[in-house]
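Structural overview
So you can see what is in the structure, the chains are spelled out below.
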Amino acid sequence: MIEISNLSFARGNFLIFKDVSFVVNFGEVIILRGPNGKGKTTLLSNIIQLLDPLSGEVRYQGEKVDSYIASQYFLYLGENHFAYDQLSLSQNINYWLSIHNVTFNKTIRDQSIRYLFGEIDLNKKFYQLSYGQKKKMQLLLLMLVNKPVWVLDDPFNGLDNETIIKITTLLSKKLENNGIIIIASHQNLAIPHRTYELT
């Protein structure tokens, strides 16, 4: 279970959000909604400890979340791709897996790539991909990194309908396996979920 308690964040003298509180249980997904500029991405960054809140706290299984707990239990996929343009796709995947301390498994990697892409040349440089392909490369981590909590910032942005269906299937399987998912998104989600509105 994740407990967000009275979380507030300010940038300079400007209060981005105040007293955000909600709970997400295992096997649940919550969608953060709100107009642009209301702090959805910032809230995600607070949850995973990329940014320190002004006040309030985040707890996972009763423990206050720090950078260690976040790195061990949370998989965060943000708006940026965290990839190296001049490296090949294969090199970028290996780099991502090393960050998450995942032992390389070529069979699982290849199956995951086929699921999202069909076929793609892993010797291509990252910069050669379209925006949607870059997004799909990032979303590969949902299949390659096994962490109980997924924190996803606008995961459907730039994806075609077929890929959105595939990602929604992955989200459903995560919930069936008692995972926790927190998503910031403007789009509707075709699986049962709760919504938290940032106003």
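As a reminder, the structure under discussion sits directly above these lines.
Predicted model, so just to flag it, every value in this text is computed and none were measured.

Description of the environment of Phe14
Counting through the fold element by element, Phe14 comes out in strand β2 (residues 14–24). Taking relative accessible area as the criterion, Phe14 reaches 54% and is therefore assigned exposed. As a C-alpha pair, Phe14 and Leu50 span 36 residues in sequence and 19 Å in three-dimensional space.

Overview of the side chain of Arg33
Structurally, Arg33 can be placed in strand β3 (residues 28–33). With no salt bridge to any partner, buried Arg33 finds its closest opposite charge in Glu197, at an N-O distance of 5.0 Å. At 2.9 Å, the side chain of Arg33 forms a polar contact with the backbone oxygen of Ser185. Of note is the side chain of Arg33, whose polar atom sits 3.2 Å from the backbone oxygen of His186.

A few points about the pairing of strand β1 (residues 2–11)
Note that β1 and β2 share 7 bridges and pair antiparallel. Pairing of Arg11 across the sheet is with Phe14, part of β2. Two strands pair when backbone bridges link them, and β1 and strand β4 (residues 55–60) are joined in this way by 5 bridges, in the antiparallel orientation. The partner of Ile4 across the bridge, within β4, is Val58.

Rules behind the numbers
Residue positions are given per chain, counting from 1 as you read along its sequence in written order. Where totals are concerned, whole chains, interfaces and linings use all residues; where local detail is concerned, this predicted model gives features only for residues with pLDDT of at least 70, and gives and counts side-chain atom pairs only at 80 or more. Derived side-chain values reflect all non-hydrogen atoms in the structure, with water molecules and hydrogen atoms excluded from consideration. Think of it this way: any DSSP run of H or I at least four residues long counts as a helix, any run of E at least two long counts as a strand, and we number them from the N terminus. Exposure classes here rest on a 1.4 Å probe applied to the protein chains alone. A residue is buried below 20% of its type maximum, exposed above 50%, and partly exposed in between. Under the convention used here, Asp and Glu are negative, Lys and Arg are positive, and both His and the chain ends fall outside the count. Any Lys or Arg side-chain nitrogen located within 4 Å of an Asp or Glu carboxyl oxygen qualifies as a salt bridge. Think of a polar contact as two N or O atoms within 3.5 Å of one another; within protein, one of them needs to be a possible hydrogen donor and the other a possible acceptor, and neighboring residues in sequence only count if both atoms come from side chains. Criterion used throughout: strands pair if DSSP finds at least two bridges between them.

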